[in-house]
Amino acid sequence: MCEVAMEEQGSEITDLERGSFREEHGVMVVTPQRRIHPPLSMVWTTLLYCAEFITACVLCRSYHKTNDVIWMSFTIVFMLVPAVLIQLTLTFIHRDLGRDRPLVLFLHLLQLGPVIRCFEALVVYFKAGKSEEPYVTLSRKISLEKGMEIPRELEIGQTERTLATHRNAFKRTAVIQAFLGSTPQLTLQLYATIQEKYILSARLALMIITLISITYGALVCSVLAIQIIYDDYKVRLRPGAYLCMVVWRALEITTRVTTLVLFSTALTHWVILVGMVNLLFFFFLPWVEFWIKRGSLAEGVEKNFSKLGTTVVLSMFTLLYACINVFCWSAVNLDLTHQELIDRKQTWTRLALYYSGRFLENFVLITLWYYFKSDFYEYVCAPLVVVQLLICYSLAVLFMLLFYQFCHPCRPLFKYNVHDCLHCVCCRRARRGQGKMASSYSTAATMLVQSEERESSA
């Protein structure tokens, strides 16, 4: 997965190797090496999509044989809804509605859009370099090397631009699949396993695939956030950074899903309220901030859209943002007044508030499960489960702090890092403690002086 994810770090089009370069007018002009990385991320995303879709179909067949209508219905919904949204996303990004491509549109109707798109990208990749292509444009980026900012100009050819469009589309596809399909699917199948008290082989396979899909989608979210926030810089993530992010995201998502499922087995109807409150809060938060700023809707989302169309697209984008934040940190803040819809400021306050609130919520939910759990957990050490879940979420936060402190590719650009924030908090507490001690000493001294004066006057 690390090899696949490393392809996502190209901030613009392709990751050019260090080669011959020359300096003109204070700008470093890089001569491209005509080396294009294979579209491994697209192949990986397509494999996850097909594997989850096929496994869900096999599981639905098993549910149909056993007359489990409820499980089958929800499984079909969580299988088809993200699939349809993925087809719409790929069609929207590639602008196929205005082009004469009936075969591609027909395959999208058959929910095979990622397959044909992956095939097109592979054809473009294997044809690259066989014929000399004309110069297209320049992309200016800043590279961070040993703490120094080095401006570079990257020559972008037609092949790189075509593959960039496919990469960007598949990044969005991975996020949609992860948080609108895999996450509710994993929650449903884990809940069904606990309720039925046995594990189907197809259900276990689907849970494993969905967990991998969610982790990969969260990883893509983190990388996309870094690329958007630091758009002027050439982002390079090391394997250690990817490893740290994978552990961070896997622990965070696994703990969150397990907590919600356990709580739902004890208080089934209340979990709907918890989920809806979370979803509505994160859905309306960007719109409330937009109303407070009294701004206008971001222009440039799509030139052919009306105000109503722009509002619908922004609402769908906000819904995806809310679904991500229900289960894990989205790593970005929405700004509906900005053309790119993303606030490029690194806000440590919101990050700290999110993880503090989520830890407290998980603690409350797992505590309620402990007191209202059913007899099914009679042979399970419930206190140990509670402690394990809290420790796992704490480890997720720890790996997140390690990533931002040591592994973030743009750490030299931080005005304040994790160490500074923790040091500031500790200093404030120390100063408050010293202030209280000093005030207590001064009060005691005043009382002593007053008592001595009273004795002398007496």
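Please refer to the structure higher up on the page.
Residues numbered from 1 in each chain as written. Predicted model: local features only at pLDDT ≥ 70, side-chain atom pairs only at ≥ 80, totals over all residues. Heavy atoms only, no water.

Colleague: Teacher, can you tell me more about the packing of helix 8 (residues 239–266) against helix 12 (residues 382–407) here?
Modeller: How two helices sit against one another is set out by the angle between their axes and by the gap between those axes. In the contact formed by helix 8 and helix 12, the axes pass within 8 Å of each other and the chain directions differ by 150°. Classed by the angle they form, the pair helix 8 and helix 12 counts as roughly antiparallel. Here helix 8 and helix 12 pass one another in a crossing that is left-handed. Each of Gly-240, Ala-241, Cys-244, Met-245, Val-247, Trp-248, Leu-251, Glu-252, Thr-255, Thr-258, Thr-259 and Leu-262 in helix 8 lies in contact with helix 12, whose residues at this interface are Val-385, Leu-389, Cys-392, Tyr-393, Leu-395, Ala-396, Phe-399, Met-400, Leu-402, Phe-403, Tyr-404 and Cys-407. Across the contact of helix 8 with helix 12, the residue classes tally to 19 nonpolar, 4 polar and 1 charged. (Axes fitted to C-alpha atoms, helices over the stretch in contact; angles between N-to-C directions. Helix = DSSP H or I, 4+ residues; strand = E, 2+ residues; numbered from the N terminus. Parallel < 35°, antiparallel > 145°, perpendicular 65-115°, else oblique. Left-handed = near helix turned anticlockwise from the far one by under 90°. Contact = heavy atoms within 4.5 Å. Nonpolar A, V, L, I, M, F, W, Y, C, P; charged D, E, K, R; others polar.)

Colleague: Help me understand helix 9 (residues 268–293) in this model?
Modeller: Quick reminder: α-helices carry 3.6 residues per turn. Residues three or four places apart thus point the same way. With 26 residues, helix 9 ought to run about 38 Å at 1.5 Å a step, and its terminal C-alpha atoms sit 39 Å apart, in line with that. Where helix 9 bends most, at Leu-285, the angle is about 30°, and the proline Pro-286 comes one to four residues later. Within the span of helix 9, buried status applies to Val-271, Val-274, Asn-278, Phe-282, Phe-283, Pro-286, Trp-287 and Phe-290. With its phi angle positive at about 55°, Arg-294 sits one or two positions after the end of helix 9. (Expected span 1.5 Å × (residues − 1). Bend = angle between axes of the 7 residues up to and from the residue. Buried < 20%, exposed > 50% of the residue type's maximum accessible area, 1.4 Å probe, protein only.)

Colleague: Could you clarify how one ought to interpret the packing of aromatic side chains in this entry?
Modeller: How two aromatic rings sit relative to each other is set out by the distance from centre to centre and by the angle between their planes. Evaluated as defined, the whole model comprises 18 aromatic pairs. Taken together, a centroid distance of 6.0 Å and an interplanar angle of 75° make the contact between Trp-71 and Tyr-191 edge-to-face. Highlighted residues: Trp-71 in helix 3 (residues 69–94) and Tyr-191 in helix 6 (residues 158–196), separated in sequence by 120 residues. Assigned by exposure class, Trp-71 and Tyr-191 land together as buried. Summarising the aromatic geometry, the rings of Tyr-354 and Tyr-355 are spaced 5.3 Å apart at their centres and angled 85° between planes, so their arrangement reads as edge-to-face. Among the aromatic residues, those joined into a cluster by ring pairs are Phe-281, Phe-282, Trp-329, Tyr-354, Tyr-355, Phe-359 and Tyr-393. (Phe/Tyr/Trp six-rings, centres within 6.5 Å; stacked < 30°, edge-to-face > 60°.)

Colleague: It is not clear to me how the environment of Pro-151 should be interpreted in this structure. Could you clarify?
Modeller: Assignment of secondary structure puts Pro-151 in strand 4 (residues 148–157). With 81 residues separating them in the primary sequence, Pro-151 and Asp-232 have C-alpha atoms 9.6 Å apart.

Colleague: Please clarify how the environment of Phe-403 should be interpreted in this entry.
Modeller: Residue position: Phe-403 is located in helix 12. By relative accessible area, which is 1% here, Phe-403 ends up buried. Counting along the chain gives 163 residues from Phe-403 to Gly-240, while the straight-line C-alpha distance between them is 9.0 Å. Those residues within four positions of Phe-403 in sequence are excluded, and the remaining contacts are Ile-226, Ala-241, Cys-244, Met-245, Trp-248, His-408 and Pro-409.

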